[in-house]
Every structure is written in C-alpha cells, then in structure tokens.
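# Coordinate inspection notes
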Amino acid sequence: MMSSAENHASRSGDRTAVITGIGACLPEHVVDNDAVIARGALRTDDTWIRTRTGIARRRHAAAGTSTGDLAVGAGRAALASAAGHRPDMLVLATTTPDHPCPATAPAVAHRLGLGTIPAFDLAAVCSGFLYALATATALVRAGTCSTPLVIGADTFTTIVDPRDRETAPIFGDGAAAVLLGPGHPDAPGAVIATDLGADGSGSDLITVPGGGSRHPRRPPPQGEPDPYCFRMQGRTVYAHAVRRMTESSRRVLGQAGWHPGTLGAFIGHQANQRILDAVAERLGIAPDRRFGTIHDTGNTAAASIPLVMADPAVHAAVEPGERTLLTAFGGGLTWASVALNWPDTAPGSQPPSRPDSASARAADLSRSPSWITTTPASAPAS
Ligand code: UT7
C-alpha cells in the first residue's frame with residue numbers, strides 16, 4: 001500500500017479481487033434532447049447539447065422509481081451473470097439515496113434476499129463507483145469479505161432542476177453492479193491497482209446546497225434559487241475533471257506498471273465526450289480503445305462507469321484479460337482510477353425492481369420535488 005498527502009494508491013499482491021459478475025439496470029423511459037428542452041423550456045438546442053457534451057438521449061426513472069429500485073435491478077442482473085456466487089457484503093455508491101436516513105444499501109441487500117450481510121452506502125458523487133470498487137477490493141485483500149457486491153446507482157433527475165440548462169441536459173438515471181471474488185492478479189477481471197483522491201477546497205463546485213446539517217431543509221424565499229436542487233459550475237469543473245482524471249490515470253498506470261499504449265480499454269466517467277477525449281489524448285490512448293455510452297445514457301453519476309462495463313458492445317470489442325483503465329471525477333471534489341484486467345463475464349441486465357409494499361411506494365413518491373413531472377411507470381414490477 002502506498003500513500004501520499006494527496007492520494008491513496010494501492011497495487012495487488014498475490015491475492016486480489018476479481019470481477020465475476022456484471023449487471024445493469026436502466027429505466028425504460030428514453031428522453032431525447034428535444035424532450036429535455038421542452039420539459040424545462042430550456043434556452044438551448046439539440047445541436048449545442050450533442051456537440052458540447054456528446055449526449056443525444058438519456059433515461060429518466062418513472063415516478064415512484066427510486067435509486068434503490070434501480071440498484072436492486074442491477075444487483076439482480078450481476079448475480080444472474082455470476083451464477084452461483086453469493087455476496088457476503090454490499091457496497092452501494094450513490095448521491096441520491098432513497099432517504100436521508102437510513103442508508104439505501106441495507107434495504108437493497110434485503111430485497112435481493114442476501115440476509116444480514118454488511119451493507120453500506122458510499123458517497124463520492126461521480127467517483128463513487130470507483131471509490132466503492134477500490135474499497136471492496138481492499139476488503140477482499142484484507143480478508144474482511146470475499147464476495148462483495150458493488151453497485152453504482154443514481155437518479156439525478158430527482159435533484160436536478162429541469163429548468164437549469166447547464167445540468168438538465170447532462171444527467172440521466174441508471175444503475176450497474178459488479179460482483180467480486182478472491183483471485184489471482186493474472187485472472188481476467190482482476191483488480192490490479194487503485195488510486196483515490198479528494199480536494200474539499202472545491203466542494204462548492206458541484207453541490208446540493210440545502211437539505212443537510214449545514215442548511216437544514218426549509219422552503220426557499222420567493223424568487224431565490226432553490227437550495228435543494230443540484231448545481232454545477234460546469235466550466236470550472238471541466239478543467240478540474242481533465243486534470244484530475246489524467247493525473248490519477250497516470251498514477252494508477254504507474255502502480256500497475258502499464259504503458260498507456262498497451263491498454264485494451266479506456267473507460268472514463270461519462271460526463272462529457274470532450275472531457276473524455278481530452279483525457280485520452282493526454283494519456284495517448286488510441287480512439288478505438290476508448291469506450292462509452294454517453295451518447296445514449298448521458299451522465300448517470302455513480303452508475304456511469306459500470307454501465308459501460310455492462311455494455312455488450314464493449315464485451316464484443318475487448319478480450320478477457322486485456323488491460324483496462326477506469327477513471328472518474330466528481331463532486332467533493334473527488335477522483336479515482338482503477339487498473340484491471342478486462343473480465344471474462346457476460347453482462348446481464350434487468351428492469352427496475354419495485355418495492356413490495358404500497359407504503360414503500362408511497363414513501364418513494366412523496367420524496368419527489370413538486371416540480372418534477374415524470375411519466376407513469378412503464379417498467380414491469382418484480
Ligand atoms: O459528473 C461530474 C463532473 N462533471 C463534469 O465533469 C462536467 C464538466 N463540465 C462540462 O461538461 C461542461 O462545462 C458543460 C457541458 C456543463 C458546459 O459546456 P461548456 O462547453 O464547458 O460551456 P461553458 O460552461 O464554457 O459555457 C459556455 C456558454 C456559457 O454562456 P456565456 O457565459 O459564455 O454567455 C453558458 O451559459 O454556454 C452556455 N451554456 C449553454 N448554452 C446553450 C451552458 N449550457 C448551455 C446549454 N445550451 N445547454
């Protein structure tokens with residue numbers, strides 16, 4: 001284990017965590033750019049959004065569908081793809097939990113039928129999945145658990161203001177998960193190295209200012225910006241994202257002893273195609289080794305990287321065992337990178353899973369801010 005004042009990096013020894021299952025869960029409702037523009041009466045157009053972000057469409061969760069519902073679908077899909085393996089821990093990366101209290105992970109574990117395994121949420125915004133993957137890997141290496149289920153799930157449409165043209169076109173909803181098991185660093189799916197970092201001096205650049213202990217929830221004064229909505233200073237964040245993901249990628253590649261030219265796959269946080277291209281160019285990664293879903297999913301926060309890992313098109317293009325670089329950047333500010341061998345695992349997908357009881361559904365519905373208008377549920381209940 002190596003550490004510095006700014007970052008925390010680790011490289012595998014003889015035993016590491018290996019990905020044995022991958023699954024995704026996307027809401028059925030596809031929302032194209034024109035629909036987002038119409039929904040929020042935004043002063044923008046399809047061409048601006050496509051050329052400045054690379055996004056053409058995204059998924060929006062139906063009314064009453066929560067982050068936990070998407071997480072259960074993703075977890076179920078990952079477990080089906082890993083046939084026979086049973087998780088002994090659950091880590092859920094999310095910024096949009098079902099409730100402020102308690103954490104969403106225990107309910108997800110319960111709904112997946114996992115009994116009383118340890119389950120906790122991890123909040124690192126768009127870096128959340130890689131923070132969770134690095135944490136779960138460290139717990140496997142330490143022997144604390146052996147088969148953790150790591151889920152990235154977010155419903156940013158519940159916190160983004162649909163009238164904000166700087167964020168509403170960017171974000172979508174989704175979830176994806178990987179199941180880990182103990183294994184050798186030579187195995188396909190093995191996590192080789194990790195790098196984590198944070199800089200709280202930029203904590204106001206990506207924020208929901210109200211609703212926490214600093215500014216407890218109360219209605220905003222008339223005419224004032226809603227403090228319960230997500231805000232992002234996009235231009236400043238853009239520069240941080242390029243710099244931090246490039247630096248973190250270099251560190252984790254150094255830890256792994258990999259030259260960027262030897263990578264079989266590069267998957268960056270799906271925030272903006274121009275950011276992804278800038279990072280890949282700086283690292284010297286060929287265009288045909290860069291993979292993403294941003295065109296069809298937008299920015300799904302903690303779900304963004306595992307959704308690419310669950311894309312069958314990526315599995316068709318990358319051979320098991322090929323060197324893979326994952327890198328993310330998000331609110332906090334946080335960043336994280338992981339070097340792993342591309343897994344030998346066919347990904348699965350499942351629809352969102354509805355909670356069993358009517359009271360749970362009512363609790364979920366009452367959580368939606370009044371200005372959010374969503375379509376009726378169309379995904380099958382389970
Ligand atoms: O997921 C967590 C990490 N997040 C990120 O990494 C996101 C980083 N930021 C970005 O992806 C980009 O900054 C945005 C997509 C948010 C904005 O794109 P940009 O090309 O960086 O635009 P900009 O922020 O430099 O703004 C240029 C202009 C501004 O107008 P003025 O001040 O020059 O008059 C914006 O108000 O573009 C304006 N603008 C828009 N115009 C039309 C911002 N959003 C829009 C829009 N349509 N949707």
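The structure we're discussing is the one just above.
Given the structure is predicted, the values throughout are model-derived calculations rather than measurements. (Residues numbered from 1 in each chain as written. Predicted model: local features only at pLDDT ≥ 70, side-chain atom pairs only at ≥ 80, totals over all residues. Heavy atoms only, no water.)

When you go through the protein chain residue by residue, the secondary structure sums to 11 helices and 16 strands. Relative to the globule expectation of 21 Å for 382 residues, the C-alpha radius of gyration of the protein chain, 19 Å, shows essentially globular dimensions. A principal-axis box enclosing the C-alpha atoms of the protein chain has dimensions of 60 × 45 × 40 Å. Of all 382 residues assigned to the protein chain, the portion counted as buried reaches 55%. (Helix = DSSP H or I, 4+ residues; strand = E, 2+ residues; numbered from the N terminus. Rg over C-alpha atoms; globule rule 2.2 N^0.38 Å. Buried < 20%, exposed > 50% of the residue type's maximum accessible area, 1.4 Å probe, protein only.)

What follows deals with the side chain of N33. With respect to the helices and strands, the residue N33 is situated in helix α1 (residues 33-40). On the basis of relative accessibility, which here comes to 0%, the residue N33 falls in the buried class. Within the local environment of N33, its side chain forms a polar contact with the backbone oxygen of I55, the two atoms lying 2.9 Å apart. When near neighbours in sequence (up to four residues on either side) are disregarded, N33 contacts D46, I49, R50, I55, A56, R57 and R58. (Polar contact = N/O pair within 3.5 Å; in protein donor to acceptor, adjacent residues only side chain to side chain. Contact = heavy atoms within 4.5 Å.)

All right, on to the site of the ligand then. What surrounds the ligand is a group of 21 residues, the closest being T44, R52, N272, R274 and N299. Take R52: an N or O atom from its side chain is 2.7 Å from an oxygen atom of the ligand. Residue E166 places a side-chain N or O atom 3.2 Å away from an oxygen atom belonging to the ligand. Among the cavities detected, the one that contains the ligand is the second largest pocket. Put simply, the parts of the chain that give the shell around the ligand at least two residues each are α2 (46-53), α6 (234-256) and α7 (273-283). If you tally residues by element for the shell around the ligand, the top one is α6, at 5 residues. In terms of residue class, the shell around the ligand is built from 10 nonpolar, 6 polar and 5 charged. (Near = heavy atom within 4 Å. 1 Å grid on protein atoms, 1.4 Å probe; cavity = no way out; pocket = protein on both sides within 12 Å on 5 of 7 lines; lining within 4 Å. Sits in = over half its atoms within 2 Å of the grid points. Nonpolar A, V, L, I, M, F, W, Y, C, P; charged D, E, K, R; others polar.)

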